Amino acid sequence: MAAKKKTKVVPLSVGDKTIPPEGAKMIPIYVMGKRYIIPETLTLMKAIEYVGYKYTRGCGCRGGICGACGTFYRFEGDYKLRTGLACQTVAEENMIIAQLPFFPSNRPNYDLENQKGTPHEELRALYPEVFKCVGCGTCTRTCPMDIDVMDYVALMKRGDLRGAAQKSFDCVMCGLCASRCPAQISQFTAAMYVRRVTGKKIFPKAEHLTNRVEEINTGKYAKMHKELAEKGKEELKELYVKREREPDMSEQGKWLPEDKENL
Amino acid sequence: MSGYGEEFQKLIEAVEASRPARVEMAKRGEAFPALTMTQREEWLGKYHPDYKDEGRRAVKVGPNEGQVFPEEVSELLESKSILSDLKIDLSKPDYETDLLVIGAGGAGTAAALAASDQGLKVLVSTKLRHGDSNTVMAEGGIQGADQEGDSPYFHYLDVIGGGHFTNDPALVGAMTNDAPIIIDWLERMGMMFDKFPDGRMKVRHGGGTSRKRMHSAGDMTGAEIMRVVRDEARNRTDTIDILEFSPAVELLTDDNGDVTGAVLYNLETKEYYVVRAKSVLISSGGFGRLHIQGFPTTNHYGATADGIIMAYRAGAALQDLDSTQYHPTGVVYPEQNVGLLITEKVRGLGAQLVNIDGEQFCFPLEPRDVESACVIRECLDIEKGIVTPTGRPGVWLDSPMIDILHGEGTVRKELPAKYIQFKRYGIDISKQPMLIYPTLHYQNGGIKIGADAATSVPGLFGAGEVAGGVHGRNRLMGNSLLDVLVFGRRAGLAAAEHAGKTKGDGKLTLGHVTEFEKSLKDAGIKKPTVGPIILPDYTPDHVKSRQWC
Ligand SMILES: Cc1cc2nc3c(=O)[nH]c(=O)nc-3n(C[C@H](O)[C@H](O)[C@H](O)COP(=O)(O)OP(=O)(O)OC[C@H]3O[C@@H](n4cnc5c(N)ncnc54)[C@H](O)[C@@H]3O)c2cc1C
Ligand code: SF4
Ligand code: SF4
Ligand code: FES
């Protein structure tokens, strides 16, 4: 074959495509029950691509934060069911893997601006099933983010919504917990509601922010910007260089610059 | 157990051997000499992907004809439509809507909500799931001048200075003016910002800020923003309809060339849908997954420049798209961390870049682009890089120096997230160095827009990373999350205004595609690739060569 001649051939991986160098150790894995041989050290996601799949579902950020790639796996000969994010879990010998690209969850609509009851009452109305948790702990064992899901469910039941919001904060909404719950709870959608209601009604509002928005609505800053936009580059540079830097250790809400114009 | 194999352990010995001398030097306040201005230029020119002539070329057709872009971008700008060989019936739209949003990341979702507030019917087309995007990946924070000692005036100065005064002033004005409005909007939707007990926002400095105005939600600010806006969009089933796994593949125009709709493609059933819309917003994000010159990227799976390609065909002008942000220190090992960002802070704390022989080869705090060039040179030219088991080049970032210089425990205290991300794979970065290489991070330019997010084509709007101008040729951290929400919201409002003036009976044609493809022919482009590419292809060659279709 008339191969294209290049002066220097460096077999480097391009982008996310894996080109194992010679001598890489090869291991067997099972993708949905089918055996394939892959080089060691790949993530499950890259292993699945390496054997020839092209993702449509089951792949999003590739960085462990979007929750698109929830995966169940077992090792051959081991009864234990394990979970992970495909983009964050390293493939090991004799893993039997299946991703869960979608799982139906319960998510009733709500209008955060017009709720009559207390947040806890509203939670009960929206998600009565949360209060039927049997405390089996399966969700906690399932969560690939190591969140104590059962605990945040317990906090919700008890009415400690702030606690539940904080405990569930790292949730990537992969849905694995919901897929295993014997009480058929969609823990993570309930937690989403709880976090929003906490951010809105339980955390106090930032007063300085409200004030600033009022100032903006007077058109005050648009006017300043218009003046800045009319300045030449040199004049802008001068203003840029001259601007005062707030010290790293300044006390928030107390510090004011020398130059109080343009605030 | 160490996450580094035996071979790496041996290589690390060279780093350890030279470390005491390097630490002593650092303690004496001596540093590896920075490049001179002439060297800088030379190295940038030779090694930085943005400056190298190699790998870049002028685009031969369209509104930006003659302008030089990365090869991968130029090739796609000169691509032909997926639809050109297909019979497609445009006479009966499958959907009719006031606003069609293409791309449901932060910008698209903000637009959908703003338009819905104005009573518009919104159809959202998105490639993956709602929210699978770059927005969800942002960790650092979002800027907004809401403290008493700060104001949108100073935010403006910071942004335009950071962008080397190449930014579009109208866009900078719009963004910094609206910033507190956006933060307030997120707060009212229940975003869990980091706050003091009395409700005051906790804010920090970022690179190039004169005031502390970086707001955060833990170290997953983007994810929290995305969760909240998506949840609110899902509450609006009466006005917002979301089509997942149904990316747009082409815009539709009327006889005047005004945009009147789009063709979507269902990735699962492979059928197309025709959409008629009074306004169309492109908010499809960046282009990291083009892997310009083979670089790894921090971007999500769907960042393939689709929106730019479609808009360009319809006649929308582009701005600054030749300017790309490469972050010098992206992880190349272990494989599961590839592309992951290592912040500048690590070098700020004293960690040095070291080659396979344990030698330092550049000043650790050169500007981002220069630092990237140094690393590329060391690996590909001098060949003193390290190659990982999956075939990636890289150099050492000697993080253990940090604890030696600043005291035991500094790494864990100052870099908790990174420490854990490596610890998970058996690597203790306070004791062992990291392997890094530059990574493709952010698309600085994009579709040219005005302060109302309108493009040069009537009926077509653009917002978010897909648009250019607001950051000029250099973006400061924390202004991108802000940009996408500000212009997303503005696009929604402008679309509402536009809808009031449009009947919504626009003719649906592919006239602009026919015309564009004629210009390809005229320019002598015989075998254009097909674009947009929708998803990157990571099938390895040993499989590809045996695939049937
Ligand atoms: C790792 C990382 C860290 C970052 N950290 C920060 C930070 O700390 N602060 C900051 O301000 N910025 C940060 N950024 C930048 C910022 O997150 C992004 O620039 C911004 O979120 C982009 O938002 P967007 O809505 O324009 O695009 P995206 O959020 O990427 O959304 C675009 C959407 O469009 C979809 N799409 C693409 N093509 C099509 C098509 N043909 N049809 C339909 N849909 C399509 C995509 O799948 C995606 O869902 C970071 C970026 C990354 C990658
Ligand atoms: S709580 Fe449930 S949805 Fe959230 S990350 Fe854990 S398993 Fe996934
Ligand atoms: S799996 Fe369901 S029932 Fe079991 S602890 Fe979790 S929420 Fe409760
Ligand atoms: S792909 Fe997003 S978490 Fe794995």
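To be clear, the structure that these remarks concern was listed above.
Residues numbered from 1 in each chain as written. Chains lettered and ligands numbered in written order. Predicted model: local features only at pLDDT ≥ 70, side-chain atom pairs only at ≥ 80, totals over all residues. Heavy atoms only, no water.

Caption draft 1: Fine view of the overall build of chain B. Along the backbone of chain B there are 16 helices and 22 strands. Computed over the C-alpha atoms, the radius of gyration of chain B is 24 Å, within 12% of the 24 Å expected from 2.2 N^0.38 for a compact globule of 549 residues. Viewed in the frame of its principal axes, chain B has a C-alpha envelope of about 75 × 60 × 45 Å. Among the 549 residues that make up chain B, the fraction classed as buried is 66%. If you take every contact in chain B between residues at least 6 apart in sequence, the share linking residues at least 24 apart comes to 73%. Here chain B displays about 19,000 Å² of accessible surface, and carbon together with sulfur accounts for 52% of that area. Charged side chains of chain B number 60 positive and 75 negative; the gap between the two group centres comes to 1 Å. (Helix = DSSP H or I, 4+ residues; strand = E, 2+ residues; numbered from the N terminus. Rg over C-alpha atoms; globule rule 2.2 N^0.38 Å. Buried < 20%, exposed > 50% of the residue type's maximum accessible area, 1.4 Å probe, protein only. Contact = heavy atoms within 4.5 Å. Areas by Shrake-Rupley, 256 points an atom, 1.4 Å probe, with all protein chains shown as cover. Lys, Arg positive; Asp, Glu negative; His and termini not counted. Charge placed at Lys NZ, Arg CZ, Asp CG, Glu CD.)

Caption draft 2: Spatial organisation of the packing of helix α7 (residues 187-202) of chain A against helix α7 (residues 221-235) of chain B. It is the contact of α7(A) with α7(B), at a shortest axis distance of 11 Å, that shows an interaxial angle of 105°. Viewed along their axes, α7(A) and α7(B) adopt a mutual orientation that is roughly perpendicular. Here Met192(A), Arg195(A) and Arg196(A) of α7(A) lie close against α7(B), whose contacting residues are Glu224(B), Arg227(B), Val228(B), Asp231(B), Glu232(B) and Asn235(B). Here the residues of the contact of α7(A) with α7(B) sort into 2 nonpolar, 1 polar and 6 charged. (Axes fitted to C-alpha atoms, helices over the stretch in contact; angles between N-to-C directions. Parallel < 35°, antiparallel > 145°, perpendicular 65-115°, else oblique. Nonpolar A, V, L, I, M, F, W, Y, C, P; charged D, E, K, R; others polar.)

Caption draft 3: Molecular detail of the sheet that holds strand β19 (residues 446-448) of chain B. Residues and elements named next belong to chain B. Pairing is mixed in the open sheet, where 3 strands are placed in the order β13-β19-β21. Edge strands, defined here as strands with exactly one partner in the open sheet, are β13 (318-319) and β21 (467-468). Where β13 meets β19, 2 bridges bridge the pair, whose relative direction is antiparallel. Bridge pairing in β19 places Gln-319 opposite Gly-446. Packing against the sheet, helix α8 (residues 306-313) makes contact with β13 and β19, and its axis sits at approximately 35° to β19. (Pairing = 2+ DSSP bridges.)

Caption draft 4: Region of the structure containing the interface of chain A and chain B. Listed as interface residues are 90 residues of chain A and, on the opposing side, 100 residues of chain B. Regarding the contact of chain A and chain B, the summed buried area is about 8,400 Å², with carbon and sulfur atoms giving 56% of it. Among the residues of chain A in contact with chain B, Phe169(A), His208(A) and Gln252(A) are the three that bury the most area, contributing 9% of the side total. Scanning the region where chain A abuts chain B turns up 7 salt bridges. The partner of Lys205(A) in a salt bridge is Glu187(B), and the shortest N-O contact between them spans 2.2 Å. Elements represented by at least two residues in the side of chain A that touches chain B include exactly α1 (44-50), α5 (161-167), α7, α8 (207-217), α9 (220-229) and α10 (233-242) of chain A. In terms of residue class, the side of chain A that touches chain B is built from 45 nonpolar, 21 polar and 24 charged. (Buried area = accessible area lost by both parts, 1.4 Å probe. Salt bridge = Lys/Arg side-chain N within 4 Å of Asp/Glu carboxyl O.)

Caption draft 5: Expanded view of the sheet that holds strand β5 (residues 95-99) of chain A. Residue and element names in this part refer to chain A. Judged by pairing direction, the sheet is mixed, and its 5 strands sit side by side in the order β2-β1-β5-β3-β4 without closing on themselves. The open sheet terminates on both sides in strands that have one partner only, identified here as β2 (34-39) and β4 (82-85). Neighbour to neighbour, the strand axes of the sheet diverge by 35° on average, direction disregarded. Bridging between strand β1 (residues 26-31) and β2 involves 6 bridges; their strand directions are antiparallel. Of the residues in β2, the one forming a bridge with Tyr-30 is Arg-35.

Distances and angles like these do not, on their own, reveal function.
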